[in-house]
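Okay, here's what each chain looks like letter by letter:
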Amino acid sequence: DTQPDVPVLTPWLAPIVWEGTFNIDLLDEHFQSQNVTIGLTVFAVKRYICYLTMFLQTAEIHFMVGHRVNYYVFTDQPDNVPRILLQKGRQMVILKVQSYARWQDISMRRMETISIFSQERFHREVNYLVCVDVDMKFRDHVGVEILSSLFGTLHPGYYAIGKQFFPYERNPQSQASILENEGDFYYTAAFFGGSVPEVYRLTKACHQAIMMDQANHIEAVWHDESHLNKYLLYHKPTKVLSPEYMCHTAEECIWFQNKRGLSTIVKRVRFVTLQKNMSYIRTD
Ligand code: 2GW
Ligand code: MN
């Protein structure tokens, strides 16, 4: 059963990570010999606190098993964070953040918070940061094969379509704007990371761009995700994660796993969006 034609290198020669492109035993040994510590940042503000149990429980089973992991849980309700029993070498740090009235601000302000904490403490505590949405669960292995100085993840909804269809911000007045014939990939804001200095630079630049737009009464079409895409266009990631690392809906996972010629596009669905009860979760 062979992999159909999937790109395994970007045009700037960064690896695109798919099952079969790496040797996990070799990589585990390499990163263990460096005694690497990985920080996983996640925000659970207001009702999104309900996602934490599933998120953390599945991370314990699939995320960086055998390596040192710090979970950084940013929340407005530290007392309501579920206490999960963690494996050896793994710890949870609960960090209080303010809530914002608009959900767009809750989402976008993650860039500011990650940049501040990168500068103030992450650089002392971890080697790499992995920044993800909380409305997610791990379904399969996500390990050190993702680590690189700067990585982004292909958005599953825009994988294998022309760049003219990418939902980039097109308003030239916005700091996030990307011209019609520009762009490499459409990256999801639900999964990115890298070394602490690189994540600091990325989150700081995105936050500053968001603030600049705000001063001009502009909000990019996909909020922080639009700004992330602009940043990664001009600061090429050193690794790109395939849609194995980001699947949105059950239908999408099935579509990806459907037979294409001799084989399937996505052999392992590793990290998936949870179904939202929109009316409950997104009303005040
Ligand atoms: C978000 C939308 C509507 C109502 C509430 C919230 C909300 C988000 C919230 O009440 N509390 C909270 O902690 N959040 C955080 O923001 C949480 O970490 C969540 O995963 C993240 C992004 O919101 P989410 O997951 O609802 O947005 P998606 O799944 O539609 O995500 C994509 O687009 C977003 C911007 O529109 C972000 O770029 C996100 O990274 C993308 O995956
Ligand atoms: Mn999400």
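Structural notes, computed from the coordinates.

Calculation notes
- Residues numbered from 1 in each chain as written.
- Chains lettered and ligands numbered in written order.
- Predicted model: local features only at pLDDT ≥ 70, side-chain atom pairs only at ≥ 80, totals over all residues.
- Heavy atoms only, no water.
- Helix = DSSP H or I, 4+ residues; strand = E, 2+ residues; numbered from the N terminus.
- Rg over C-alpha atoms; globule rule 2.2 N^0.38 Å.
- Contact = heavy atoms within 4.5 Å.
- 1 Å grid on protein atoms, 1.4 Å probe; cavity = no way out; pocket = protein on both sides within 12 Å on 5 of 7 lines; lining within 4 Å.
- Points joined across faces, edges and corners; volume = space filled by probe spheres on them.
- Nonpolar A, V, L, I, M, F, W, Y, C, P; charged D, E, K, R; others polar.
- Donors = N, O, S within 2.8 Å, 3.2 Å for Na, K, Ca; no water.
- Buried < 20%, exposed > 50% of the residue type's maximum accessible area, 1.4 Å probe, protein only.
- Near = heavy atom within 4 Å.
- Polar contact = N/O pair within 3.5 Å; in protein donor to acceptor, adjacent residues only side chain to side chain.
- Areas by Shrake-Rupley, 256 points an atom, 1.4 Å probe, with all protein chains shown as cover.
- Salt bridge = Lys/Arg side-chain N within 4 Å of Asp/Glu carboxyl O.

Quick look at the overall build of the protein now. Helices and strands together make up the secondary structure of the protein, namely 7 helices and 12 strands. Over its C-alpha atoms the protein spans a radius of gyration of 18 Å, differing by no more than 12% from the 19 Å that the globule rule assigns to 284 residues. Taken along its principal axes, the extent of the C-alpha atoms in the protein is 50 × 50 × 40 Å. Considering only residue pairs separated by 6 or more positions, the protein has 77% of its internal contacts joining residues 24 or more positions apart.

Once rolled over the atoms, a probe with the size of a water molecule shows which space is left empty. Applying the stated rule across the entire model yields 1 cavity of 30 Å³ or more. By volume, the largest cavity amounts to about 60 Å³. If you trace the largest cavity, you find it lined by T41, F43, R110, M111, I114, C131, V132, D133, A189, F192 and D224. Of all the secondary structure elements, the ones that give two or more residues to the lining of the largest cavity are strand 2 (37-44), helix 3 (103-125) and strand 5 (128-132). Residues of the lining of the largest cavity, tallied by class, amount to 7 nonpolar, 1 polar and 3 charged.

What follows deals with the layout of surface pockets. There is about 160 Å³ of room inside the second largest pocket. If you go around the second largest pocket, you meet 13 residues; those closest to its centre are A160, I161, F166, D184 and F185. Residue classes in the lining of the second largest pocket are distributed as 9 nonpolar, 2 polar and 2 charged.

This next bit is on the coordination of the manganese ion (ligand 2). Coordination of the manganese ion (ligand 2) by the protein is provided by D133 (OD), D135 (OD) and D135 (OD), with metal-donor distances spanning 2.1 to 2.5 Å. The buried category is assigned to D133, whose relative accessible area is 18%.

The immediate surroundings of ligand 1 are formed by 20 residues, with F43, V45, Y48, D133 and H223 found nearest. Contact between ligand 1 and D133: an oxygen atom at 2.8 Å from a side-chain N or O atom of the residue. At 3.2 Å from an oxygen atom of ligand 1 is found a side-chain nitrogen or oxygen belonging to D224. For ligand 1, whose accessible area on its own is 730 Å², the fraction buried by protein is 93%. Among the elements of the structure, strand 2, helix 3 and helix 5 (224-234) are those that each provide at least two residues to the shell around ligand 1. At 4 residues, the largest contribution of residues to the shell around ligand 1 is made by helix 3.

One non-glycine residue, N35, adopts positive backbone phi at about 50 degrees. By relative accessible area, N35 is classed as exposed at 52%. For M64, which is not glycine, the phi dihedral falls at a positive 55 degrees.

Under the counting rule described, the total for this entry stands at 14 salt bridges. Across the pair R270 and E19 runs a salt bridge whose closest N-O atoms are separated by 2.9 Å. Linking R270 in the loop between strand 11 (263-264) and strand 12 (271-273) with E19 in the loop between strand 1 (16-17) and helix 1 (24-33), this pair joins segments that are 251 residues apart in sequence. The exposure class assigned to E19 is partly exposed, which follows from its relative accessible area of 23%. A salt bridge links E180 to R170; its shortest N-O distance comes to 3.9 Å.

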